[in-house]
Amino acid sequence: MKLLTYLQGLVLKGWEFNINGEELRYKAKKSDDLSEIVDYLKNHKVEIVNLLKTEPGSLRLFPLSQGQRALWFLWQLEPNNAAYNMPFGYHIFSQVNIPLMKSVFKNILGKHPALRTKFLSVNGEPAQKVLDVDDVDFLQIDSLSWTKSAIEKEIQRQSIAKFDLENGPLLRVRLLSKKSDEHILIINMHHICTDGLSLGLIAADFIGFYSSLQDEAKSEGGSEDNVKESPLKVANSLPGYEAFIQWQHDILTHDGDRLLEYWSKKLDNAPQKLDLLTDKIRPVHQTHNGASVSFSINEPTVLAIKSLAKNSGSTPFAVLLSAYLILLSRHSGQDDIVIGTPTSGRGNDAFDQTVGYFADTVPIRANLDGNPSFMEFLNQNKQNVLE
């Protein structure tokens, strides 16, 4: 086994290494083979010291969160699948300073390490490594002569372009310039480094950094049009995603057995699928073909939902969830139904401003056996949501 791989494996188990001159220092984790590991380190001290001198960042890696492990597994199965791409964008109707915009995204990368992470396998175990802020994958595309259809195809192409989790980058920026004062900004990331709440944080940072860098350029007496790429302005003091992984690990270490027992009982003999009547046969191999349908709920109905939620001591979410589950029951003929609902997964206020993959899909099981009234069923779901 290579020395670097061996040391990286120890780091993933909680070991820490640093050097002071020619002295090797480490913080060990208790294990049955501790004496064997210490002997190995002593026998390879010179090589380890040289490695940490020449490649100081080679051991700066950490494990994946539980959610990331699932996405890493799925990516290895289907590396060309774009189902976990998370694109979003802006239609900009003003002139854009390209160097300034690139500086904005460099600052975003500097503030949020999760966006400059790559993933690797160490002795069969997945790990992640945060890279330095080098450059941003930014490309301006001249679409002056393009038709509306061509622009839409390019947006679609950029949105589904695959990501290489092992080499990165996991954030791409494309600017389609239709005119000097009209652009379409496409920001695309892989879900393994971000989530829905993170998109809001990134959007706020984009606006904030662009405005502050723009004002700074003007205050220095220069023209905004002549601004060049500026160095990083961010001194990140936010808890990193690595802190969340440790927090999650601590919870599972101290409370994992209780949580496993809870979910084992909750999902005991749960149905394997929802037998909805469809106009096509379920395919042998899963695809991600599909679409979404948007609709609006009129104001009187919204007010009625809020009133029902207030009077029953529940929430509009619980009311709508109950209605949705009843709909599924009637169309499937099943009384026992399990659906997944996304939650923020942060669970700790310290991570509210941290970008990363926190979202967690939680199963909710509902039982309509005995034909309960809507209020009885709402109370059942209210309890499920609270748990």
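No experiment lies behind these values; they were computed from the predicted model shown.

Scoring rules and cut-offs
- Residues numbered from 1 in each chain as written.
- Predicted model: local features only at pLDDT ≥ 70, side-chain atom pairs only at ≥ 80, totals over all residues.
- Heavy atoms only, no water.
- Phe/Tyr/Trp six-rings, centres within 6.5 Å; stacked < 30°, edge-to-face > 60°.
- Buried < 20%, exposed > 50% of the residue type's maximum accessible area, 1.4 Å probe, protein only.
- Pairing = 2+ DSSP bridges.
- Helix = DSSP H or I, 4+ residues; strand = E, 2+ residues; numbered from the N terminus.
- Axes fitted to C-alpha atoms, helices over the stretch in contact; angles between N-to-C directions.
- Salt bridge = Lys/Arg side-chain N within 4 Å of Asp/Glu carboxyl O.
- Core = buried A, V, L, I, M, F, W, Y, C linked by side-chain atoms within 4.5 Å.
- Contact = heavy atoms within 4.5 Å.
- Right-handed = clockwise from strand over helix to strand, strands pointing away.
- Polar contact = N/O pair within 3.5 Å; in protein donor to acceptor, adjacent residues only side chain to side chain.
- Patch = residues over 30% accessible without salt bridge, like charges linked within 9 Å, V, L, I, M, F, W, Y side chains within 5 Å.
- Areas by Shrake-Rupley, 256 points an atom, 1.4 Å probe, with all protein chains shown as cover.
- Expected span 1.5 Å × (residues − 1).

Turning next to the packing of aromatic side chains. According to the stated counting rule, one finds 18 aromatic pairs in the structure shown. Centre to centre, the rings of Phe-88 and Tyr-90 are 6.3 Å apart; their planes meet at 70°, and the pair counts as edge-to-face. Take Phe-88: its relative accessible area is 19%, and that puts it in the buried class. Judged by its relative accessible area of 25%, Tyr-90 is partly exposed. Put simply, the rings of Phe-88, Tyr-90, Phe-105, Phe-206 and Tyr-210 pair up and form one aromatic cluster.

Moving on, we get to the sheet that holds strand β4 (residues 85-92). The strands making up a sheet associate through hydrogen bonds between their backbones, and the pairing can be parallel or antiparallel. With mixed pairing, four strands are arranged side by side in an open sheet as β4-β9-β8-β7. In the strand order of this sheet, the two ends are held by β4 and β7 (137-142), each with one partner. Pairs of neighbouring strands in the sheet enclose a mean axial angle of 15°, with direction left out of account. Relative to strand β9 (residues 182-190), β4 is paired through eight bridges, and the arrangement is antiparallel. If you follow Met-86 over to β9, its bridge partner there is Met-189.

Glancing now at the pattern of salt bridges. Under the definition given, this model contains 13 salt bridges. Between Lys-53 and Glu-22 there is a salt bridge, with the nearest N and O atoms lying 2.2 Å from each other. Here Lys-53 is found in helix α3 (residues 45-54), whereas its partner Glu-22 is found in the loop between β1 (16-20) and β2 (23-27), with 31 residues between them in sequence. Across the pair Lys-178 and Glu-182 runs a salt bridge whose closest N-O atoms are separated by 3.2 Å. Here the residues in one salt-bridge network are Lys-178, Lys-179 and Glu-182, joined through shared partners.

The biggest cluster of nonpolar side chains holds 46 residues, and the ones touching the most others in it are Met-101, Phe-105, Leu-115, Leu-185 and Met-189. Listed by contribution, the elements that provide at least two residues to this core are α4 (66-77), β4, α5 (98-111), β8 (171-179), β9, α7 (196-219) and α8 (241-266). Counting residues per element, this core draws most heavily on α7, at eight residues. Contacts of Leu-115, omitting those with residues within four sequence positions, involve Ile-108, Leu-109, Leu-171, Met-189, Cys-193, Ile-202 and Val-355.

With that out of the way, let us pick up the pairing of β7. Examined bridge by bridge, β7 and β8 share six bridges and lie parallel to one another. The partner of Leu-139 across the bridge, within β8, is Arg-174. In the classification by handedness, the crossover that spans β7, the intervening helix α6 (residues 148-160) and the parallel β8 is right-handed.

A few words now on the side chain of Ser-198. Position of Ser-198 relative to the elements: it lies in helix α7. Within the structure, Ser-198 has its side chain in polar contact with the side chain of Arg-346 (distance 3.1 Å). Looking at Ser-198, its side chain comes within polar contact range of the main-chain oxygen of Gly-356, at 3.1 Å. In this view, Ser-198 contacts Arg-346, Thr-354, Val-355 and Gly-356; residues no more than four positions away in its chain are not counted.

What follows concerns a nonpolar patch on the surface. Side chains of Val-293, Phe-295, Ile-297 and Leu-320 sit close together on the surface and give an oily, nonpolar patch of about 450 Å² of accessible area. Within the secondary structure layout, Phe-295 lies in the loop between α8 and α9 (299-311).

Looking at the element boundaries, Asn-348 is found in the loop between β10 (336-343) and β11 (360-367). The exposure class of Asn-348 is partly exposed, given its relative accessible area of 25%. Along the backbone, Asn-348 and Trp-247 are 101 residues apart, and their C-alpha atoms lie at a distance of 9.0 Å. A distance of 2.9 Å separates a polar atom in the side chain of Asn-348 from the backbone nitrogen of Ala-350.

Let us look at α8. Taking 1.5 Å of rise per residue, the 26 residues of α8 would be expected to cover 38 Å, yet its terminal C-alpha atoms sit only 30 Å apart, more than 12% below that figure. Of all the positions in α8, only Tyr-241, Phe-244, Ile-245, Gln-248 and Gly-256 are classed as buried. Packing partners of the buried residues in α8 comprise β3 (61-62), α4 and β6 (125-130).

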